[in-house]
Amino acid sequence: MADRMSKAEFIALIAMMFATIAFSIDSMLPALPEIGLELSPNEPNRAQLILTSFVLGMGIGTFFTGPLSDAFGRKPVIYGGAVVYILASAVAWASPSLELVLAARVAQGLGAAGPRVVAMAVVRDLYSGRQMARIVSIAMMIFTLFPAFAPLMGAGIIALTGWRGIFAAFVLFSTISVLWMGFRLPESLAVENRRPFRLPLLVDAVRQMFGHPTVRLSIMVQTLCMGTLFTMLTMVQPVYDVIHDRGDSFPFWFAMVALLSGSASLLNAALVVRVGMRRMVTWSLGVQIFITLGMIGLSAVPLSPDVSFGLFVAWQTAVFFMAGTTLGNLNAIAMEPMGHIAGMAASVIGAVATVLAAAIAAPVGLLFDGSMAPLNTGILIMCILGFLLMLRMGRIEDRMLA
């Protein structure tokens, strides 16, 4: 690898593959009003399903992409995922109905799971220890900055070409990344190191994980935390547009919030060694419960439009911030007892949590009625349930240590 690609180029390529997900989700946010008016004029709020349908497909794809890449090699799976992603983007671009766009988005998510999941496996193949951690950290830092600018990119594309142009941009983005990888990065998994794909092994991994109480609870809480994030993402644009009449400036506010909340990973890294992963998650959920209760209380008080908007931006930042202090820790908690099946466990945990979170966020998003009530209530319930499950996890761990 080093003969053909420098470490800096390798990190840039991995970051671009990671960014496929953020680009596919966040750049669509400014397009939702136009898509709703054109393809679902009687129920424009259904355009939100464009986000959760992609997440659903990505979650399903996560089940299989890791094990398939172990069996057939990294590059063939990335190529296959890219082909599915590009074809689905083309179908969505030409779709005359919202239903066809949603079906194409599910397929897009399936394809995007390839580059996103397998890119991490490529890093594991080529690096280990601190070198691997350093490369992943730098790539993830670039990845976390991307959502801040994706809505601005989407808004710019819409201004030039209309909302369908975003799907053409997806085709271009994926084509560039897969050609870059194809010409510059050799296959990282040698044939002698490949493992046959066996469905019974996947079923056994699911059985082992859901049979372990800590892992089972961690997956449930991860689902709820991802559900709060996806619910906010599906409803944030309508809140800016319909409630606060700031749809035109939404991409700029979203960029600011994303950049601010990106510091959550730095705070987590500074505290988690002293506090512990379980306490970090529990405290984050507890703080979010009080913040959301405060938002619900203040929504009953007459406030000026500017104050009301400022409070929502602060709460949106807090929700994104909570995701940064919970999701990584929950994944680590779930993975810790599963070291003997780490690769399979990573695929299953990511898939189950993502699919269930999308299944929660989609109906909550459709409840949007021009008020904050569905968003506030939905996130509050998910945080309370997650907090209670974390307390139960603590009691189980105390019994195991006793």
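Structural data are supplied above this passage.
Here's a quick rundown of the structure. (Residues numbered from 1 in each chain as written. Predicted model: local features only at pLDDT ≥ 70, side-chain atom pairs only at ≥ 80, totals over all residues. Heavy atoms only, no water.)

1. Regarding the overall build of the chain
Here comes step 1: Across its full length, the chain carries 15 helices and zero strands.
Here comes step 2: The C-alpha atoms of the chain give 21 Å as radius of gyration, which agrees with the globular expectation for 402 residues (21 Å, within 12%).
Here comes step 3: Taken along its principal axes, the extent of the C-alpha atoms in the chain is 65 × 60 × 35 Å.
Here comes step 4: When burial is assessed residue by residue, the chain has 52% of its 402 residues classed as buried.
Here comes step 5: In the chain, once contacts between residues fewer than 6 apart in sequence are set aside, the share between residues at least 24 apart is 86%.
Here comes step 6: Surface summary for the chain: the accessible area is close to 17200 Å², and the carbon and sulfur share equals 70%.
Here comes step 7: Both charge centroids of the chain, one from 24 positive and one from 20 negative side chains, sit 12 Å from each other. (Helix = DSSP H or I, 4+ residues; strand = E, 2+ residues; numbered from the N terminus. Rg over C-alpha atoms; globule rule 2.2 N^0.38 Å. Buried < 20%, exposed > 50% of the residue type's maximum accessible area, 1.4 Å probe, protein only. Contact = heavy atoms within 4.5 Å. Areas by Shrake-Rupley, 256 points an atom, 1.4 Å probe, with all protein chains shown as cover. Lys, Arg positive; Asp, Glu negative; His and termini not counted. Charge placed at Lys NZ, Arg CZ, Asp CG, Glu CD.)

2. Considering a positive patch on the surface
Here comes step 1: A grouping of Arg-216, Arg-392, Arg-395 and Arg-399 is seen on the molecular surface, where their side chains present a positively charged patch.
Here comes step 2: The biggest single contributor to the positive patch is helix α15 (residues 373-401), with three residues.
Here comes step 3: Its place among the elements puts Arg-392 in helix α15. (Patch = residues over 30% accessible without salt bridge, like charges linked within 9 Å, V, L, I, M, F, W, Y side chains within 5 Å. Salt bridge = Lys/Arg side-chain N within 4 Å of Asp/Glu carboxyl O.)

3. Digging into the pattern of salt bridges
Here comes step 1: A complete count under the given rule lists nine salt bridges for this structure.
Here comes step 2: Glu-38 serves as the salt-bridge partner of Arg-164, at 3.2 Å between the closest nitrogen and oxygen. With a gap of 126 residues between them, Arg-164 in helix α7 (residues 164-184) and Glu-38 in helix α2 (residues 32-39) connect regions that are remote in the sequence.
Here comes step 3: Residue Arg-74 pairs with Asp-70 through a salt bridge whose shortest N-O separation is 2.8 Å. Asp-70 carries the same exposure label as Arg-74, and that label is buried.

4. Some remarks on the packing of helix α9 (residues 213-243) against helix α10 (residues 250-261)
Here comes step 1: Relative orientation of the contacting elements α9 and α10 amounts to 135°, with a least axis distance of 10 Å. Taken together, the axes of α9 and α10 lie oblique to each other. Here the hand of the crossing between α9 and α10 comes out right-handed. Counted together, Leu-233, Val-236, Gln-237 and Tyr-240 of α9 and Phe-250, Trp-253, Phe-254 and Val-257 of α10 form the full contact between these two elements.
Here comes step 2: Of the residues contributing to the contact of α9 with α10, the split by class is seven nonpolar, one polar and no charged. (Axes fitted to C-alpha atoms, helices over the stretch in contact; angles between N-to-C directions. Parallel < 35°, antiparallel > 145°, perpendicular 65-115°, else oblique. Left-handed = near helix turned anticlockwise from the far one by under 90°. Nonpolar A, V, L, I, M, F, W, Y, C, P; charged D, E, K, R; others polar.)

5. Regarding the nonpolar core
Here comes step 1: Ranked by internal contacts, the top residues of the largest apolar core, which has 84 residues, are Met-28, Ile-35, Met-232, Phe-312, Trp-315 and Leu-375.
Here comes step 2: Leave out the neighbours within four places in its chain, and Ile-35 touches Met-28, Ser-40, Ala-47, Ile-50, Leu-98 and Trp-163.
Here comes step 3: Formed by 19 residues, the second largest nonpolar core is a distinct cluster that contains Met-5, Phe-10, Phe-18 and Ala-82. (Core = buried A, V, L, I, M, F, W, Y, C linked by side-chain atoms within 4.5 Å.)

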